[in-house]
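Coordinate analysis (summary)
If you want the building blocks of each chain, they are given just below.
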Amino acid sequence: MAIRTLYVEELRATMRGRFALIGAGVILFAVGCVATVGTQDTWLDGYGIIAYFLVPLAFVPLSAAFLASPRANRFVESVFTAPVERRDWLTAKILVVVTMAAAYYVALVPMVLVYTHHVGVPLLLQKLLIWAPCLLLVSIAMGTLIGVMFIGESIAAPAATGMGVLLVYAGFVPLQELLVAQGNGATRTGHLTLVSPAVLLKNAFGFTLAVGSIPATTTRTWVSLTVIVIVAFALAVWAFLRTQGVETWEATRSQRWIIALGIVAIIVLPVAMADTNYDKPAPHATNAPSIQRLFSRAGSSLALAWPGGQPPARCCSTILNREEWPPFGTDEPTRRDLLVLLPVEATQRVADVHLQVVGENGLEATASPEALSPAPQALETHTYANDLGPAAADGHHVVNGWVARIPVTLTPTQPWDIGGVRYPLKVTGTYQVVGESQARTFSARAAVDAQVSKAIYEMGFASLILPLVCFGAAFKRWRQTR
């Protein structure tokens, strides 16, 4: 009952802060903006890294400042002198931070529901949904330890230390991925990256963000994680209850050694013990099909134009609608003219053009048979600037070449993300250059960019629900207390 009463009062005191509700609303609004903007590109990678990785790690400095602030404002004196058990007060403080972490996690649910409604639950999202709460727990444990260890009149030192730990934990994740990609995950530097609980959790749950290998075993990794959390919490509680007074340390020599060895164990144990046998292929993170690599900065022999319109000014990207805004909507038919840039100078005549247009991985591309076999007089010419034309048979870039215009209807289906979904498009065929005995073949690949068109509005609405609640509560409190 004592812990419950203290927890309720501490939680109320935290939310009664002058800018507490506004701060919570701003944080949730910022995360919601990232979620909404992320609908225009690969949502799961960009938004997931911020919402389920970086923000949970921010609870390290937040917890450190939260636990250190009572000493800075001398409130902790009442804990040592009032008829309140210190362990009950510390437990209540930790539970308040855990409540804040749980509230943040729940605040992400509306955006996830929008995503899963359109896409489902790919493996990476499953992993992120369990990665985030575990990161929150570890961050609170480390933040609690940091906050307890600093006795002073300012929270600058624990907050700065917590921020430094955050940077180390966050920075070691891409470093570990880079080392594993290069085959150096088991080197000394690879072991050093295991200091980060984020790396340990990623290995323990068996997923990666960018590379194709994961540890074959995870037992020692789980043991390391368990020890880190238990030692951090236990050391923080023991130091607060047994080795600290109101304003100063009261630790004996042996107690100081125990504290030092505990901190060293948190750092050294995962480095020496966690698994680094990166021999197992990583599972496919998303529902995206295997697509032959398309380089968006490379040239292409295909282009898209509005019906009867001119080719794009910067012709021609492998992402055919790269300059269009918004991208094509999924499950919506879009009519365009597909321009096939034949590698033949306009000074040569072309006949017997027969083409095929095939959409891949859920892209439906339809065109009339007449358009796929245009007459010679229906062909157009186009002048290319800066040697951007297709390469002719002798290797030179065509300056003024023939273009076949094919009216097509493109319908992207089966999206595997709500934005940045690129569907391959393949065009093959044959044509005859007058004066040559054999017909030439043509083959080109490109892609079209698509998104779930209504997802941006749904995501924006979902992301505003809780921030508006926080802002409304802050305004109501301001009206009552002004």
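Notes on the structure in this doc start here.

Cut-offs applied
Residues numbered from 1 in each chain as written. Predicted model: local features only at pLDDT ≥ 70, side-chain atom pairs only at ≥ 80, totals over all residues. Heavy atoms only, no water. Helix = DSSP H or I, 4+ residues; strand = E, 2+ residues; numbered from the N terminus. Salt bridge = Lys/Arg side-chain N within 4 Å of Asp/Glu carboxyl O. Buried < 20%, exposed > 50% of the residue type's maximum accessible area, 1.4 Å probe, protein only. Core = buried A, V, L, I, M, F, W, Y, C linked by side-chain atoms within 4.5 Å. Contact = heavy atoms within 4.5 Å.

Residue Pro-326 is bonded to the preceding Trp-325 through a cis peptide linkage, with omega at -5°. If you trace the backbone, Pro-326 turns up in the loop between strand 3 (302–305) and strand 4 (328–329). Residue Gln-414 is not a glycine yet carries a positive backbone phi of 50°. Relative to the elements of secondary structure, Gln-414 occurs in the loop between strand 9 (400–412) and strand 10 (421–433).

One pass over the structure, following the stated rule, counts ten salt bridges. A salt bridge links Lys-202 to Glu-177; the shortest N-O distance between them is 2.8 Å. Of this pair, Lys-202 sits in helix 11 (residues 197–205) while Glu-177 sits in helix 9 (residues 156–181); the two residues are 25 residues apart in sequence, bridging distant segments of the chain. Here Lys-202 and Glu-177 have matching classes, each one buried.

One broad rule of soluble globular proteins: the nonpolar side chains tend to lie buried together. Formed by 84 residues in total, the largest nonpolar core has its most connected members in Trp-43, Tyr-47 and Trp-131. If we ignore the near neighbours within four places in the chain, the residues touching Trp-131 are Tyr-52, Phe-53, Ala-198, Leu-201, Lys-202, Phe-205 and Phe-207. Counting 35 residues, the second-largest nonpolar core is a separate cluster that includes Leu-338, Val-340, Val-350 and Ala-444.

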